[in-house]
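# Summary of the model geometry
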Amino acid sequence: MSKKNPKSFSILSIDGGGILGLYSANMLRHIQEDVLGGEPFSEHFDLITGTSTGGIIALGLALGRSAAEIEKFYKVHGGEIFPKKSALLQKILCCFSSKYSNKKLASCLDEFFGDNKVSDCLTSFCIPSIDVSEGKAVVFKTNNNGKQDRDQEYLLRDIALATSAAPTYLPLHSFDCFSSLADGGLWQNNPSLIGMIEAHTSFKDFENISRINVLSIGNPLSNIKEYVPNRKNHNSLLAWKSKLVTMPMKISSNATNDIMNILLRTHSMNLQKYLRVVHDNLSDEHRDLALDNASVSALKRLQALSDKDYHNKFKDALKEFFKEEK
């Protein structure tokens, strides 16, 4: 990889998806322990990018935390962040406020990240969000070219709260000059392209790089089936409900994957390797998995799906991805 080979540039991208991020964290733990020999991801990637729950994971890895520590965060705190509520109560809450408070999430992130700032990270990152008040995309990032100093004193926990503030699920987040920040998954749930653009535009001496390698870690969100009835009187806000959030996230992830595969086939933007790790063909027994289903059963199944996918589907491809290039 690039930190072993100066002619390559390596990017780790992690999708958004709420509690489904446990799938990603577990997959990353397998990679770190089995493929990287326990070495931190910061020693193998020049840039880590993540959105929403993937942004939380990305920030942890950029700070030097192990994937096992991050996986534990999801297992221990998932049920506290997304407490189970009755269907009736959820419908009532959605009419007046977000389904969940972000107080528990903020407390957990405060404990996990402490007072660490962007400048404390061991490798570069970029984290998408949205400034709702301005109607603009925002990307929080390290100082990748020596001139991007806006974010350097921002607390990691603030960026984590901003990128994971999924509308209807969690409140908007505000800090510093930003008054209304929302989940970056609404425009870049699979931030692989964000990483590619950042690599091409923000890094010194990039002209010496001949190839980019991208490892994209997804989760089951893109393959959880959701339907809006195409019948008269069924195209209402009530018919769409939370799909107004999850549908754009899925479309963003799948469309970005399609674009990345086109770039790979055409050898565009110096893309040499692109490996997408994501669960597909979700069986009926897992149809209740959701962005906010943090039940004990759901967490166990997410871990089991990730374990199975690593050992049966991706292990060999991942080892090939990390082979040193001469």
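Residues numbered from 1 in each chain as written. Predicted model: local features only at pLDDT ≥ 70, side-chain atom pairs only at ≥ 80, totals over all residues. Heavy atoms only, no water.

The next point concerns the pattern of salt bridges. Taken as a whole and judged by the stated rule, the model has 15 salt bridges. Between R29 and E71 there is a salt bridge; the shortest N-O distance is 2.6 Å. Within this pair, whereas R29 is found in helix α1 (residues 21-35), its partner E71 is found in helix α3 (residues 67-81), the two being separated by 42 residues in sequence. A residue is classified by how much of its surface remains accessible, and R29, at 16% relative accessible area, is buried. (Salt bridge = Lys/Arg side-chain N within 4 Å of Asp/Glu carboxyl O. Helix = DSSP H or I, 4+ residues; strand = E, 2+ residues; numbered from the N terminus. Buried < 20%, exposed > 50% of the residue type's maximum accessible area, 1.4 Å probe, protein only.)

All right, on to the nonpolar core then. Grouped together as the largest cluster of nonpolar side chains are 72 residues, with contacts concentrated most on L12, L28, I31, F41, F140 and L215. Looking at this core element by element, the count peaks at eight residues for helix α11 (residues 296-321). Other than its neighbours up to four places away in sequence, L215 contacts I11, L12, S13, I31, F45, L275, V277, L318, F321 and F322. In terms of nonpolar packing, the next biggest core, distinct from the first, is built from 17 residues, L193, F206, M260 and Y274 among them. (Core = buried A, V, L, I, M, F, W, Y, C linked by side-chain atoms within 4.5 Å. Contact = heavy atoms within 4.5 Å.)

Moving on: empty space enclosed by the protein. A complete count under the given rule lists one cavity of 30 Å³ or more for this structure. Space inside the largest cavity adds up to approximately 190 Å³. Taken together, 16 residues form the lining of the largest cavity, with G18, I19, T53, I56 and F82 sitting closest to its centre. Among the secondary structure elements, those contributing two or more residues to the lining of the largest cavity are α2 (53-62) and α3. By residue number, the principal contributor to the lining of the largest cavity is α3, which donates four residues. (1 Å grid on protein atoms, 1.4 Å probe; cavity = no way out; pocket = protein on both sides within 12 Å on 5 of 7 lines; lining within 4 Å. Points joined across faces, edges and corners; volume = space filled by probe spheres on them.)

The next point concerns the pairing of strand β2 (residues 47-50). Where burial is concerned, the two faces of β2 agree: the one with L47 and T49 and the one with I48 and G50 are both buried. Where strand β1 (residues 8-14) lies against β2, four bridges are found, and the strand directions are parallel. Within the sheet, the bridge partner assigned to I11 lies in β2 and is L47. For the handedness criterion, the β-α-β arrangement of β1, α1 and β2 is classed as right-handed. The pairing of β2 with strand β3 (residues 124-131) spans three bridges and is parallel. Residue L47 lies in a different strand from β3, and its bridge partner there is S124. (Pairing = 2+ DSSP bridges. Right-handed = clockwise from strand over helix to strand, strands pointing away.)

In a regular helix each residue adds 1.5 Å, so 15 residues correspond to 21 Å; α3 covers 20 Å between its end C-alpha atoms and thus fits that length. At K75, α3 is deflected by roughly 35 degrees, the largest bend along its length. Within α3 the residues assigned to the buried category are A67, I70, E71, F73, Y74, H77, G78 and I81. Looking at the buried positions of α3, the neighbouring elements they touch are α1, α2, α5 (103-113) and α11. (Expected span 1.5 Å × (residues − 1). Bend = angle between axes of the 7 residues up to and from the residue.)

Turning our eyes to something else, we now look at the pairing of strand β7 (residues 211-217). In terms of burial, β7 is largely enclosed, as seven of its seven residues are buried. Going residue by residue along β7, you find R211, N213, L215 and I217 tucked away on one face and I212, V214 and S216 tucked away on the opposite face as well. Summarising the sheet, β7 and strand β8 (residues 271-277) pair through six bridges and their orientation is parallel. Bridge assignment links N213 to a residue of β8, and that residue is K273.

Right, let's get into the side chain of T49. Considering the arrangement of structural elements, one finds T49 in strand β2. In this structure T49 comes out as buried when scored by relative accessible area, which is 0%. Within polar-contact distance, the side chain of T49 engages the backbone oxygen of C126 at 2.8 Å. Beyond its immediate sequence surroundings of up to four residues, T49 is in contact with I11, L12, S13, I14, A58, C126, P128, P191, I194 and G195. (Polar contact = N/O pair within 3.5 Å; in protein donor to acceptor, adjacent residues only side chain to side chain.)

With that settled, consider the packing of α5 against helix α6 (residues 156-163). The contact between α5 and α6 brings their axes to 9 Å, and the two run at 145 degrees. α6 is crossed by α5, and the crossing has right-handed handedness. Touching L105, A106, L109, D110 and F113 of α5 are L156, R157, A160 and L161, all from α6. Partitioned by chemical class, the residues of the contact of α5 with α6 number seven nonpolar, no polar and two charged. (Axes fitted to C-alpha atoms, helices over the stretch in contact; angles between N-to-C directions. Left-handed = near helix turned anticlockwise from the far one by under 90°. Nonpolar A, V, L, I, M, F, W, Y, C, P; charged D, E, K, R; others polar.)

Keep in mind that these numbers describe shape and distance, not what the molecule does.
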